[in-house]
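# A structural walkthrough
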Amino acid sequence: MQKWIMSGLFFAACAFAVVLMFTLPGKSEVAEENKPTMPEVVLDAASAEATVKVSCISCHGDQLQGGVGPSLQQEGGQHDAGQIFSIVTKGRGQMPSFKDKLAPEEIANVALWLSEKK
């Protein structure tokens, strides 16, 4: 009797695992959901520079030459505006997230400005 109960529980657990495998989102779907979407903005270079001076120079330097953080002088050659927006919004490595410190439009403006630095 106990053998039948254990085998029944085993098959129920296997069936549950198969159902979960086909219904839970995959790794790529989860990554796409967590990717922030960049709002449409028109580049305002003066505003972007002002935002960078207030928020970024302590780590990236007053000429974006680097320091605690990496140099951003040629950031546009390494990342496009969407990637830069994602990095600034979510943070990466030692860089903190700025989603609570800056509006998405400000981050998008800075991302567009940095993407032109090649």
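Look up: the structure comes first, before these words.
Notes on the structure in this doc start here. Keep in mind that this is a model prediction, so the values were computed, not measured. (Residues numbered from 1 in each chain as written. Predicted model: local features only at pLDDT ≥ 70, side-chain atom pairs only at ≥ 80, totals over all residues. Heavy atoms only, no water.)

## Focus on a nonpolar patch on the surface
- A contiguous nonpolar patch, built from I5, M6 and L9 and spanning about 320 Å² of accessible area, is present on the exposed surface.
- Along the chain, the position of I5 falls in helix α1 (residues 2-23).
- What makes I5 partly exposed here is its relative accessible area of 46%. (Patch = residues over 30% accessible without salt bridge, like charges linked within 9 Å, V, L, I, M, F, W, Y side chains within 5 Å. Areas by Shrake-Rupley, 256 points an atom, 1.4 Å probe, with all protein chains shown as cover. Salt bridge = Lys/Arg side-chain N within 4 Å of Asp/Glu carboxyl O. Helix = DSSP H or I, 4+ residues; strand = E, 2+ residues; numbered from the N terminus. Buried < 20%, exposed > 50% of the residue type's maximum accessible area, 1.4 Å probe, protein only.)

## Concerning the packing of helix α5 (residues 81-90) against helix α6 (residues 104-115)
- Running from N to C, α5 and α6 cross one another at 130°; their axes reach a closest spacing of 8 Å. On the basis of their axis angle, the class for α5 and α6 is oblique. As for the relative orientation of α5 and α6, their crossing is right-handed in sense. On α6, the residues that touch A81, I84, F85, V88 and T89 of α5 are P104, I107, A108, A111, L112, L114 and S115. (Axes fitted to C-alpha atoms, helices over the stretch in contact; angles between N-to-C directions. Parallel < 35°, antiparallel > 145°, perpendicular 65-115°, else oblique. Left-handed = near helix turned anticlockwise from the far one by under 90°. Contact = heavy atoms within 4.5 Å.)

## Focus on the layout of surface pockets
- The calculated volume of the largest pocket comes to roughly 500 Å³.
- Taken together, 25 residues line the largest pocket, and the ones lying closest to its centre are H60, P70, L72, I87 and M95.
- Listed by contribution, the elements that provide at least two residues to the lining of the largest pocket are α3 (45-55), α4 (57-60), α5 and α6.
- Split by residue class, the lining of the largest pocket holds 14 nonpolar, nine polar and two charged. (1 Å grid on protein atoms, 1.4 Å probe; cavity = no way out; pocket = protein on both sides within 12 Å on 5 of 7 lines; lining within 4 Å. Points joined across faces, edges and corners; volume = space filled by probe spheres on them. Nonpolar A, V, L, I, M, F, W, Y, C, P; charged D, E, K, R; others polar.)

## Overview of the nonpolar core
- Counting residues in hydrophobic clusters, the biggest one holds 16 residues, and the most contacted among them are V52, L64, I107, W113 and L114.
- Residue assignment for this core shows that the elements contributing at least two residues are α3, α5 and α6.
- Once residues lying within four places of it in the same chain are set aside, the contact partners of I107 are F85, V88, T89, F98, K99 and L102. (Core = buried A, V, L, I, M, F, W, Y, C linked by side-chain atoms within 4.5 Å.)

## Section: the packing of aromatic side chains
- Applying the stated criterion across every chain, the model contains one aromatic pair.
- The ring of F98 has K101 lying over it, and the distance from NZ or CZ to the ring centre is 5.3 Å.
- Between K117 and the ring centre of W113, over which it is positioned, the NZ or CZ distance is 4.3 Å. (Phe/Tyr/Trp six-rings, centres within 6.5 Å; stacked < 30°, edge-to-face > 60°. Lys NZ or Arg CZ within 6 Å of the ring centre and 35° of its normal.)

## Focus on unusual backbone geometry
- Backbone geometry places L64, a non-glycine residue, at a positive phi of 60°.
- Among the secondary structure elements, L64 is positioned in the loop between α4 and α5.
- Judged by relative accessible area, which is 6%, L64 ranks as buried.

## Topic: the environment of A103
- Among the secondary structure elements, A103 is positioned in the loop between α5 and α6.
- Of the residues examined, A103 reaches a relative accessible area of 31% and is grouped as partly exposed.
- Taking the C-alpha atoms as reference points, A103 and F85, 18 residues apart in sequence, are found 11 Å from one another.

Limitation: the analysis is restricted to geometry and does not speak to function.
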